[in-house]
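Chains, contacts and geometry: an overview
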Amino acid sequence: VQLQASGGGLVQAGASLRLSCIASGRAFSSYVMGWFRQAPGKEREFVAAISWRGLTTLYADFVKGRFTISRDNTKNTVYLQMNSLKPEDTFAYYCAARNSRNWGHFRGPDEYDYWGQGTLVTVSS
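Overview of the structure.

Core analysis: the biggest nonpolar cluster contains 38 residues, and Trp35, Leu80, Met82 and Tyr93 have the highest contact counts within it. Aside from chain neighbours lying at most four places away, what touches Met82 is Ala15, Ser16, Leu17, Leu19, Arg66, Phe67, Tyr93 and Val121.

Taken as a whole, this structure holds one disulfide when the rule is applied. Between the sulfur of Cys21 and that of Cys95 lies a disulfide, 2.0 Å long from S to S. Since a negative S-S torsion denotes a left-handed disulfide, the Cys21-Cys95 link at about 60° is right-handed. Taken as a pair, Cys21 in strand β3 (residues 17-23) and Cys95 in strand β9 (residues 91-98) lie far apart in primary sequence, 74 residues in all. Each member of the pair, Cys21 as well as Cys95, is classed as buried.

On the basis of which strands lie adjacent, the open sheet formed by four strands has the order β1-β3-β8-β7 and antiparallel pairing. Looking at which strands have only one partner, the edges of the open sheet turn out to be β1 (3-6) and β7 (67-72). Pairs of neighbouring strands in the sheet enclose a mean axial angle of 15°, with direction left out of account. The pairing of β3 with strand β8 (residues 77-82) spans six bridges and is classified as antiparallel. From the neighbouring strand, Ile22 faces β8, where its bridge partner is Thr77.

Reading guide: rules and limits
- Going along each chain's sequence as written, the residues are numbered from 1 onward.
- With pLDDT at 70 or above as the cut-off, local features in this predicted model cover only qualifying residues; side-chain atom pairs require 80 or more to be listed or tallied, and sums for whole chains, interfaces and linings still use all residues.
- In computing side-chain values, all of the structure's heavy atoms are included and hydrogens and water are not.
- Definition used in this section: a nonpolar core is a set of buried Ala, Val, Leu, Ile, Met, Phe, Trp, Tyr and Cys residues joined via side-chain atoms within 4.5 Å.
- For every residue, the accessible area (1.4 Å probe, protein chains only) is compared with the maximum for its type, and the residue is labelled buried under 20%, exposed over 50%, or partly exposed between those bounds.
- Every residue pair with non-hydrogen atoms within 4.5 Å of one another is taken to be in contact.
- The definition used for a disulfide is geometric: two cysteine sulfur atoms within 2.5 Å.
- Numbering of helices and strands runs from the N terminus; a helix is a DSSP stretch of H or I covering at least four residues, while a strand is a stretch of E covering at least two.
- Whether two strands pair comes down to DSSP finding at least two bridges between them.
- Inter-axis angles, ranging from 0 to 180 degrees, are taken between N-to-C directions of lines fitted to C-alpha atoms, where helices are fitted over the stretch in contact.

What follows is the structure in structure tokens.
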């Protein structure tokens, strides 16, 4: 599957952004989907994940209550709604797909099989 992320940009602190990730192929509903973020020279860190039906979600502690992951399997798209953005949320954000319907606490980058290109989010103070 190929993943295409979009929706990043430059915003002020307190603003909102919605990232989207469109997947090619017909098996989108078979994948657990995740969002990660990465700063230059740093390791990729987990942000959120969602089960194949969209009924179960998992978040990193630092985004709980501010970010919401969702998916629309009819559109082969996963979203990350980001509210109350802070300067420390400035990263490149990546979507990822795990080729399995089994749910678990998949927080590690090596637990995902496919990656999109990053979309840059910059939050100014």
